[in-house]
Amino acid sequence: MKKAWLVTNEFLNTNKYSELNMWLVKAAKKYDIELLVKTNADLLVDINGNHVIQNLISMEKPEFVLFWDKDIRLASFLESLSLKVYNSSRAIEICDNKAMTHIALNEKNIKMPRTILAPMTYPNIGFTNYKFVEYMKSQLSYPIVVKECFGSFGQQVYLVHNDIELTNCIENIGAKPFLVQEYVKSSFARDIRLNVVGNEVVATMYRYSDTGDFRANISNGGKMKQYEPTKQQVKLAVDCVKAIGLDFAGVDLLFDENEEPIVCEVNSNAHFKNIYDCTGVNVAEDIVKYICEKEGN
């Protein structure tokens with residue numbers, strides 16, 4: 001049986017994450033692959049020192065690395081050792097940073113909300129003036145969506161309705177990178193999650209919320225139901241994956257005023273338990289199958 005590595009985060013060790021890992025390990029067995037779980041603490045990058053990773057490779061060189069984490073420094077180092085990493089470190093890096101995601105999508109003319117990136121500042125300085133905020137307010141109408149560039153599960157995403165809320169939100173974010181976006185009112189508390197593997201949408205669900213929250217994330221109290229995506233929605237989701245250079249991803253689409261799709265976010269390590277519960281599709285199997293076919297296994 002061939003061996004491969006599943007790289008996870010040492011410090012995300014709840015049942016929720018462990019279950020996803022085991023689904024991937026189980027899926028790999030169907031393709032005669034022993035997927036060995038390695039955490040980013042197991043694979044310490046010791047530059048110019050003890051060759052921890054290199055020694056492991058010499059004992060059990062993996063056919064590929066399924067990188068189920070966002071430790072892009074480790075992913076990049078593994079690639080430097082000529083290991084095939086899925087998703088690539090660069091693709092994960094782009095997805096993990098919402099600002100970089102929108103820059104990559106914009107390069108391919110992919111439809112998304114009007115987005116303005118806040119200027120970078122330093123933790124020990126913060127923002128010494130808010131002239132840039134005046135520009136943001138001149139270009140967007142309230143309510144405005146504020147997103148920290150790093151965040152998951154709909155967290156670090158805020159809806160502000162006036163100048164005071166916007167100022168307070170920015171002050172609370174502090175020196176962390178963020179962006180502001182036009183609010184897509186027509187998609188209030190609803191969106192679509194499409195899981196893409198390769199050039200194919202393998203599972204889709206419609207997410208909605210009746211809690212009064214503008215976000216539809218299941219982790220924030222949203223609900224889900226099966227959904228048959230349109231050809232336009234499928235094409236847009238696949239185009240997002242191609243634009244960023246991903247092998248697999250979860251793509252979240254909103255509905256514009258004409259019910260046409262518009263991109264919200266792209267997730268390189270999209271969880272698939274909820275979409276399995278909703279659709280019965282095990283995305284873990286699709287991911288492993290895709291990698292094995294690409295590797296010629």
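I will try to describe carefully the structure that is included in this document. Everything quoted here is computed from the prediction, not taken from an experiment.

**Re the sheet that holds strand S9 (residues 190–197)**
Pairing within the open sheet is antiparallel, and its five strands lie in the order S11-S10-S9-S12-S13. Each edge of the open sheet carries a strand with a single partner, namely strand S11 (223–226) and strand S13 (261–267). Sheet twist, expressed as the average angle between the axes of neighbouring strands with direction ignored, equals 30°. Alignment of strand S12 (residues 248–255) against S13, held across six bridges, turns out to be antiparallel. The partner of Leu253 across the bridge, within S13, is Val263. Lying on the sheet, helix H8 (residues 231–244) is in contact with S9, strand S10 (200–208), S12 and S13; it crosses S13 at an angle near 40°. The strands touched by helix H10 (residues 283–295) are S9, S10 and S12; relative to S9, the strand with the most contacts, the crossing angle is about 35°.

**Thoughts on the packing of aromatic side chains**
Inspection of every chain in the model, using the stated rule, returns twelve aromatic pairs. When the ring centre of Tyr208 is taken as origin, the NZ or CZ atom of Lys225, which lies over that ring, is 5.8 Å away.

**Re the nonpolar core**
Counting residues in each nonpolar core, the largest one holds 29 residues, and the members touching the most others are Leu35, Leu66 and Phe272. Of all elements in the fold, only strand S1 (2–8), helix H1 (15–29), strand S2 (33–39), S10, helix H9 (273–279) and H10 reach the threshold of two or more residues within this core. No other element matches the seven residues that H10 contributes to this core. Excluding residues that lie within four positions of it along the chain, Leu35 makes contacts with Ala4, Trp5, Leu6, Leu24, Val25, Ala28, Phe64 and Leu66. Listed in part, the 26 residues of the second largest apolar core include Ile192, Val238, Cys240 and Val266.

Conventions adopted
Residues numbered from 1 in each chain as written. Predicted model: local features only at pLDDT ≥ 70, side-chain atom pairs only at ≥ 80, totals over all residues. Heavy atoms only, no water. Pairing = 2+ DSSP bridges. Helix = DSSP H or I, 4+ residues; strand = E, 2+ residues; numbered from the N terminus. Axes fitted to C-alpha atoms, helices over the stretch in contact; angles between N-to-C directions. Contact = heavy atoms within 4.5 Å. Phe/Tyr/Trp six-rings, centres within 6.5 Å; stacked < 30°, edge-to-face > 60°. Lys NZ or Arg CZ within 6 Å of the ring centre and 35° of its normal. Core = buried A, V, L, I, M, F, W, Y, C linked by side-chain atoms within 4.5 Å. Buried < 20%, exposed > 50% of the residue type's maximum accessible area, 1.4 Å probe, protein only.

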